[in-house]
Amino acid sequence: MPNRVLDHARIPELPNPYFGKVRDCYDLPDNRRILITTDRISAFDRILAAIPFKGQVLTQMARFWFENTDDICPNHVLDYPDPNVVIGKKLEILPVEIVVRGYLAGTTSTSILTRYKKGERVMYGHEFPDGLRDNAKLAEPIITPTTKAFDGGHDEPLTADEILSRGLLSQEQWQTVSTAALALFKRGQEMVARQGFILVDTKYEFGIDADGTILLADEIHTPDSSRFWLAD
Ligand SMILES: Nc1ncnc2c1ncn2[C@@H]1O[C@H](COP(=O)(O)OP(=O)(O)OP(=O)(O)O)[C@@H](O)[C@H]1O
Ligand SMILES: [Mg+2]
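What comes next concerns the included structure. On a predicted model such as this, the values are computed, not experimentally measured, just so you know.

Let's shift gears to the site of ligand 1. The environment of ligand 1 is formed by 17 residues, the closest being Tyr18, Lys21, Arg23, Lys148 and Glu205. Between an oxygen atom of ligand 1 and a side-chain N or O atom of Tyr18, the distance comes to 2.4 Å. Lys89 places a main-chain nitrogen or oxygen 2.9 Å from a nitrogen atom of ligand 1. Protein contacts shield 91% of the accessible area of ligand 1, which totals 610 Å² for the unbound molecule. Classifying every residue of the shell around ligand 1 gives eight nonpolar, two polar and seven charged. In this structure, the shell around ligand 1 is formed jointly by two domains, domain 1 (18-90) and domain 2 (93-230), each of which donates at least three residues.

Spelled out as structure tokens, the structure:
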């Protein structure tokens, strides 16, 4: 049987390579970036394996969501020339990952369920009441931002105040991305609810283009960036 797994997409001719856990990326002329989504799967910041066609599924899911949310927030996509490939505007990625959570869920050290079970009641600048059960629905979706660890580091929790006081984002940038993220999440929750799913939590990345405009980058509402549950 032929090898159907795209475990890497190395193109030595192209400049400024970045080999992420999942995507192999390069610059193209005219302020563009090519992002080739491989079949690599990562969890807990490690590459675990490669799964045939995962990269195509991921790219096409992200495409579905980009196309169904561009009325809320403009995104980086210029073209989809291949099932695994996005050509995007080359952005300066903002140094904060905008994580949105609708439920008290998760298993990692930065997850609000893990921290809640350790007794924490103030997390990411939000206060939580006593007595919440595992995986309880939150009163409203919240943003639990983290640093964007470039080059494979681990992301660290932030509060809105820290984002501003450390100068990671301007007040105006934070206003823009936090408003967009909550609106995107609401759209995602409503759309998956109609198919019998719950969008539990997700991560958005934003970047700035050559004109200074903030655009949604990377991917959106994929299983790599999001947690989904069956509604029933
Ligand atoms: N339009 C864009 N312009 C520039 N960089 C982008 C753009 N869209 C996404 N990126 C970056 O390209 C990389 C995509 O690779 P991948 O998703 O494999 O990385 P990752 O392993 O998830 O993240 P990282 O290694 O940065 O922690 C990410 O670093 C992402 O921030
Ligand atoms: Mg990524």
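After that view, the rundown keeps rolling.
Take the pattern of salt bridges next. Going through the model one piece at a time under the given rule, you end up with 17 salt bridges. The closest approach of N and O atoms between Arg10 and Asp24, which form a salt bridge, is 3.4 Å. Pair noted here: Arg10 is in the segment before β1 (18-19) and Asp24 is in strand β2 (residues 23-28), with a separation of 14 residues, a long-range link. Judged by its relative accessible area of 0%, Asp24 is buried. The salt bridge partner of Lys148 is Glu97, with a shortest N-O separation of 3.7 Å. Residue Lys148 is found in the loop between β13 (146-147) and α3 (160-165), and its partner Glu97 is found in strand β9 (residues 96-103); the two are separated by 51 residues along the sequence. For the pair Lys148 and Glu97, one class covers both residues: buried. Through salt bridges with shared partners, a single ionic network connects Glu97, Lys148, Lys203 and Glu205.

With that settled, consider the sheet that holds strand β16 (residues 214-216). Taken together, three strands build an open sheet; the order of strands is β8-β15-β16 and the sheet is antiparallel. Lying at the two open borders of the sheet, with one neighbouring strand each, are β8 (92-93) and β16. Looking at chain direction, strand β15 (residues 206-208) and β16 are connected through three bridges and run antiparallel. Bridge pairing in β16 links Phe206 to Leu216. The sheet contacts of helix α4 (residues 171-193) involve β15 and β16, and relative to β15 the element is tilted by about 140 degrees.

Calculation notes
Residues numbered from 1 in each chain as written. Chains lettered and ligands numbered in written order. Predicted model: local features only at pLDDT ≥ 70, side-chain atom pairs only at ≥ 80, totals over all residues. Heavy atoms only, no water. Near = heavy atom within 4 Å. Polar contact = N/O pair within 3.5 Å; in protein donor to acceptor, adjacent residues only side chain to side chain. Areas by Shrake-Rupley, 256 points an atom, 1.4 Å probe, with all protein chains shown as cover. Nonpolar A, V, L, I, M, F, W, Y, C, P; charged D, E, K, R; others polar. Domains from an automatic or database assignment. Salt bridge = Lys/Arg side-chain N within 4 Å of Asp/Glu carboxyl O. Helix = DSSP H or I, 4+ residues; strand = E, 2+ residues; numbered from the N terminus. Buried < 20%, exposed > 50% of the residue type's maximum accessible area, 1.4 Å probe, protein only. Pairing = 2+ DSSP bridges. Contact = heavy atoms within 4.5 Å. Axes fitted to C-alpha atoms, helices over the stretch in contact; angles between N-to-C directions.

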